[in-house]
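The lines below spell out each chain.
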Amino acid sequence: MIETILNHKSIRRYKNKTLAEPLLKEILTAASRASTTGNMQVYSIVVTTKTKRREKLWEAHFRQNMVLQAPVVLTFCADFNRFNKWCRQRSAEPGYDNFLSFLTAATDALLAAQNAALAAEDHGLGICYLGTTLYNADQIIEILELPANVIPVTTLVLGYPDESPGLTDRLPLEGIVHYEKYKEYKPEDIDAIYSEKDSSELTQKLLKENNLETLAQVFTQKRYTKKDNEAISQKLLEVIRKQGFGM
């Protein structure tokens, strides 16, 4: 399993090959064994394999072709709908219509997603997380017919890889690990932590393509801009309220 973790790659091209039902069930079972708050398991997994519905998800996920290529799309949802119904059917009134409950359920869903990802990769399958799930949560709610108290938080495509990319760079442990207490970063620490990323061949290519001076500018001016972040945040907050997690 350590080898599987250390060799993780995001796969964006897939072979036209279906997944055997027993293998998919094993991956879903692995997801169900993830850690969960209070053993409530306040999440749901929507498995999409039918072409027509995957085409609709493809639209919601910015038309990323891996949504159509991969035989299975797993949408992991924060879900208090089921737990609330159980409570009421057992003479207990739930109090989970708040932001903390959404965050609890979202955490459960993400932990389950990572278990599924690891199980899939351990079987030689490829996976890729789709951050666009939160960008267009409202569309995905409609496509998957999610009821109140259910919000999609991440999506995994999985299938047999049709590419073998290299490992993506990661920051050194010194950049992300703090011992005993948080150690604030000095300017020279930042330079050391990001030196390899700043000088990589991929970074130089991105700078040339975008006509910018630093990789940080690529992130702030092209990939994740303040304007886009604020617009998506407002849209997501409205979805969270509409789905019953009042704030």
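To start, this report covers the structure provided alongside it.

What counts as what
Residues numbered from 1 in each chain as written. Predicted model: local features only at pLDDT ≥ 70, side-chain atom pairs only at ≥ 80, totals over all residues. Heavy atoms only, no water. Helix = DSSP H or I, 4+ residues; strand = E, 2+ residues; numbered from the N terminus. Contact = heavy atoms within 4.5 Å. Axes fitted to C-alpha atoms, helices over the stretch in contact; angles between N-to-C directions. Parallel < 35°, antiparallel > 145°, perpendicular 65-115°, else oblique. Left-handed = near helix turned anticlockwise from the far one by under 90°. Core = buried A, V, L, I, M, F, W, Y, C linked by side-chain atoms within 4.5 Å. Buried < 20%, exposed > 50% of the residue type's maximum accessible area, 1.4 Å probe, protein only. Pairing = 2+ DSSP bridges.

## Description of the side chain of Asn-81
Relative to the assigned elements, Asn-81 resides in helix α5 (residues 81–89). Excluding anything up to four places from it in sequence, Asn-81 contacts Pro-147, Ala-148, Asn-149 and Val-150.

## Description of the packing of helix α11 (residues 201–210) against helix α12 (residues 215–223)
Their axes nearest at 10 Å, the elements α11 and α12 cross at an angle of 50°. Viewed along their axes, α11 and α12 adopt a mutual orientation that is oblique. In this structure, the crossing between α11 and α12 has a hand that is left-handed. Across the interface between the two elements, Thr-203, Leu-206, Leu-207 and Asn-210 of α11 pack against Leu-215, Val-218, Lys-222 and Arg-223 of α12.

## Topic: the nonpolar core
Grouped burial of nonpolar side chains is what soluble globular proteins tend to show. In this structure, Leu-19, Ile-27, Phe-76, Phe-102, Leu-125, Val-157 and Leu-158 are the most contacted members of the largest nonpolar core, which totals 56 residues. With ten residues, the top contributor of residues to this core is helix α6 (residues 99–122). Not counting residues up to four positions away in its chain, the partners in contact with Phe-76 are Ser-44, Ile-45, Ala-109, Ala-112, Ala-113, Ala-116, Ile-151, Pro-152, Val-153, Thr-154 and Leu-156. Leu-206, Leu-207, Leu-215 and Val-218 belong to the second largest nonpolar core, which has five residues in total.

## Some words on unusual backbone geometry
A positive phi is found at Gln-41, a non-glycine position, where the angle reads about 50°. Turning to its location among the elements, Gln-41 is positioned in the loop between α2 (21–32) and β1 (43–48). A relative accessible area of 28% places Gln-41 in the partly exposed class.

## Points about the sheet that holds β1
Read from one edge of the open sheet, four strands run β1-β2-β4-β3, paired in antiparallel fashion. Lying at the two open borders of the sheet, with one neighbouring strand each, are β1 and β3 (126–130). Each strand axis lies, on average, 25° off the axis of its neighbour in the sheet, ignoring direction. Pairing geometry for strand β2 (residues 72–79) and strand β4 (residues 150–159), over eight bridges, is antiparallel. Bridging across to β4, Cys-77 finds its partner in Pro-152. Helix-sheet contacts for α2 involve β1, β2 and β4, and the interaxial angle to β1 is about 165°.

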